[in-house]
Amino acid sequence: IAGRHYAKAAGLPAELATTIDEAWQPRFSADAIAASPLGRVLAIAERIDTLAGGFSVNLKPTGNKDPFALRRAALGLARTLIEAKLDLDLPSLLDAAVEAVHHDVSRHGAGVLAMAPADSVAGTAIGLELYEFIVERLRSYYAEQGITTTQFNAVAAVKPKSLADFDRRIEAVRQFALRPEAEALAAANKRIGNILRKVEGELPDTVDAAALVEPAERELAQALSAIEAGNASAWQQHDYIAVLQALAQLRAPVDAFFDQVMVMAEDPRLRANRLALLQRIASRFLSVAAIEHLSL
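For clarity, every value in this text was computed on a predicted model and none was experimentally measured.

*Asks:* Sorry, what's going on with the overall build of the chain here?
*Replies:* Along its length, the chain carries 15 helices and zero strands. For the C-alpha atoms alone, the extent of the chain along its principal axes is close to 80 × 40 × 35 Å. Taking all 296 residues of the chain together, 44% fall into the buried category. Pairs at least 24 apart in sequence give 68% of the contacts found in the chain among residues at least 6 apart. As presented, the chain carries roughly 15400 Å² of accessible surface, and 56% of it is formed by carbon and sulfur atoms. Charged side chains in the chain number 31 positive and 37 negative. The centres of these two groups are separated by 4 Å.

This is the structure:
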């Protein structure tokens, strides 16, 4: 606030004076994000720099102690990106900020460097830790909006690079969870994941139509192909609500498949083909979220 008044008194442009104030928004949980584009840019840059600096020299919060308000900085950064609908690659920004901090540390002596952990030069590792720290701040943010822990975990598991994209996925999962098919498909995806994790070696990635011998597996493959063809634009445009609505149609053929088909058949060709079909289904759901988290 003082900076805004000093800037005005110094004759600086009004929008610049406003930005000096807006850069601190949101100041608290009920505060709005910066209103102007320039204010948002500065708010994002300041918080990323603060977080990268704090984590790089090992000043991260511990327990209830957070003397540099890094948790508040992380939530303010996340809220700005989400509420302004800014599709930015957050991991890349964090890595760039960490790299810049280490460049400054190397230039300004060992005093600051001595505060850093032994592996502090691993910018990518710190960037990943920062990403997870920021996402974790969103748990309470979304809980206040009625998002359940399982719904949040379903999206957090796929680690979207953009928090605006994270928000779109959250809404899609919330709506999907209300559908009568959600629980059965979540359980089926958990079962698919368990099967695929037990496979040794590389998973097959191509379904051979000629090797689909059981009626239930043919029907499932046909249903999936029809959904993919009919909703190609939804996948391309990241219309996650439409994608999950379409995939909900797989409930009946998926149930029939598991009731009537032995996935781990003795014939290696049949087994590989059925695994490829399950892998294809799993990847389609994972293009939105890990919905197995919705299974009770």
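*Asks:* Looking at this structure, how should I read helix α15 (residues 268-286)?
*Replies:* Helical geometry note: an α-helix holds 3.6 residues per turn, so side chains three or four residues apart project in the same direction. Over its 19 residues, α15 extends 26 Å from the first C-alpha to the last, a length consistent with the 27 Å expected when each residue adds 1.5 Å. Those residues of α15 that are buried are in contact with α10 (182-197), α11 (215-230), α13 (240-247) and α14 (251-260).

*Asks:* Looking at this structure, how should I read the packing of α11 against α14?
*Replies:* It is at 8 Å that the axes of α11 and α14 come closest, and there the two elements cross at 155 degrees. Classified by the angle between their axes, α11 and α14 sit roughly antiparallel to one another. Here α11 and α14 pass one another in a crossing that is left-handed. Judged by residue contacts, Ala216, Glu217, Leu220 and Ala223 of α11 engage Pro253, Val254, Ala256, Phe257 and Gln260 from α14. Of the residues in the contact of α11 with α14, the class split is seven nonpolar, one polar and one charged.

Conventions we followed
- In this convention, every chain numbers its residues from 1, walking through the sequence in written order.
- Local features are withheld for residues below a pLDDT of 70 in this predicted model, meaning they are given only at 70 or higher, and side-chain atom pairs are given and counted only at 80 or more; totals for whole chains, interfaces and linings count all residues.
- With hydrogens and water stripped out, all remaining heavy atoms of the structure feed into the side-chain values.
- In DSSP terms, a helix is any run of H or I states spanning at least four residues, a strand is any run of E spanning at least two, and both are numbered starting from the N terminus.
- A 1.4 Å probe rolled over the protein chains alone gives each residue an accessible area, and that area as a share of the maximum for its type sets the label: buried under 20%, exposed over 50%, partly exposed in between.
- Residues count as neighbours in contact if any of their non-hydrogen atoms are within 4.5 Å of one another.
- Here the Shrake-Rupley method, with its probe set to 1.4 Å, supplies the accessible areas, and only the displayed protein chains count as covering residues.
- For the purpose of counting charges, residues Lys and Arg are taken to be positive, whereas Asp and Glu are taken to be negative. His and the chain ends are not included.
- Every charge is mapped onto a representative atom, which is NZ of Lys, CZ of Arg, CG of Asp or CD of Glu.
- Expected span of a helix, by definition, is 1.5 Å for each gap between consecutive residues, and there is one gap fewer than residues.
- The axes are straight lines fitted to the C-alpha atoms, using for helices just the contacting stretch, and the angles between their N-to-C directions are given from 0 to 180°.
- An angle below 35 degrees is treated as roughly parallel, one above 145 as roughly antiparallel, one from 65 to 115 as roughly perpendicular, and anything else as oblique.
- Crossing chirality is assigned from the near helix's rotation relative to the far helix, an anticlockwise turn below a right angle marking it left-handed and a clockwise turn marking it right-handed.
- Each residue gets one of three labels, nonpolar for Ala, Val, Leu, Ile, Met, Phe, Trp, Tyr, Cys and Pro, charged for Asp, Glu, Lys and Arg, and polar for the others, Gly among them.

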